[in-house]
Amino acid sequence: MLTNTEEAPVHVAMIATHYPHAAHREEFVERVRKVAEAFRSTPGCLSAECWLSAEAVVSIVRWESDEAFAASLAALGAADLDVAFDEREARPREIVRLAAA
């Protein structure tokens, strides 16, 4: 139980749903797995996974704090990974950021 002077940790998550064209699905799964691996290598990343549905490739990433989230995104931006949205995707990505207290 937390006292009045303690703060609950704020975990942050991001769910990104991607809709690749069928011809690019396997390539896209590999792209998402590489990004998940890069996230997992950053301090404060609790988990990073790639999930599949019939039409989408979904990445789910969790961090221990807003600071860890920001640092992971900065590290990803500096990495040599293909994260561009382009014609390989049938429709725009859906990205949801969540915070739990």
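Residues numbered from 1 in each chain as written. Predicted model: local features only at pLDDT ≥ 70, side-chain atom pairs only at ≥ 80, totals over all residues. Heavy atoms only, no water.

## With respect to the overall build of the chain
Okay, step 1: Across its full length, the chain carries 2 helices and 4 strands.
Okay, step 2: Helices and strands appear in the chain in the N-to-C order β-α-β-β-α-β.
Okay, step 3: Taken along the three principal axes of its C-alpha coordinates, the chain extends 55 × 25 × 15 Å.
Okay, step 4: A sequence separation of at least 24 residues applies to 72% of the contacts in the chain between residues at least 6 apart.
Okay, step 5: Summed over its atoms, the accessible surface of the chain is roughly 6,500 Å², and 57% of this surface lies on carbon and sulfur atoms. (Helix = DSSP H or I, 4+ residues; strand = E, 2+ residues; numbered from the N terminus. Contact = heavy atoms within 4.5 Å. Areas by Shrake-Rupley, 256 points an atom, 1.4 Å probe, with all protein chains shown as cover.)

## Focus on the packing of aromatic side chains
Okay, step 1: In total, this model carries 2 aromatic pairs according to the counting rule given.
Okay, step 2: Pairing W63 with F69 gives two aromatic rings, centres 4.8 Å apart and planes at 80 degrees, and the pair type is edge-to-face. The burial state of W63 is the same as that of F69; both residues are buried.
Okay, step 3: Taken together through their ring pairs, the aromatic side chains of F39, W63 and F69 make up a single cluster.
Okay, step 4: Against the face of Y19 rests R91, its NZ or CZ located 3.6 Å from the ring centre.
Okay, step 5: Cation over ring: R97 sits above F69, and NZ or CZ is 4.8 Å from the ring centre. (Phe/Tyr/Trp six-rings, centres within 6.5 Å; stacked < 30°, edge-to-face > 60°. Buried < 20%, exposed > 50% of the residue type's maximum accessible area, 1.4 Å probe, protein only. Lys NZ or Arg CZ within 6 Å of the ring centre and 35° of its normal.)

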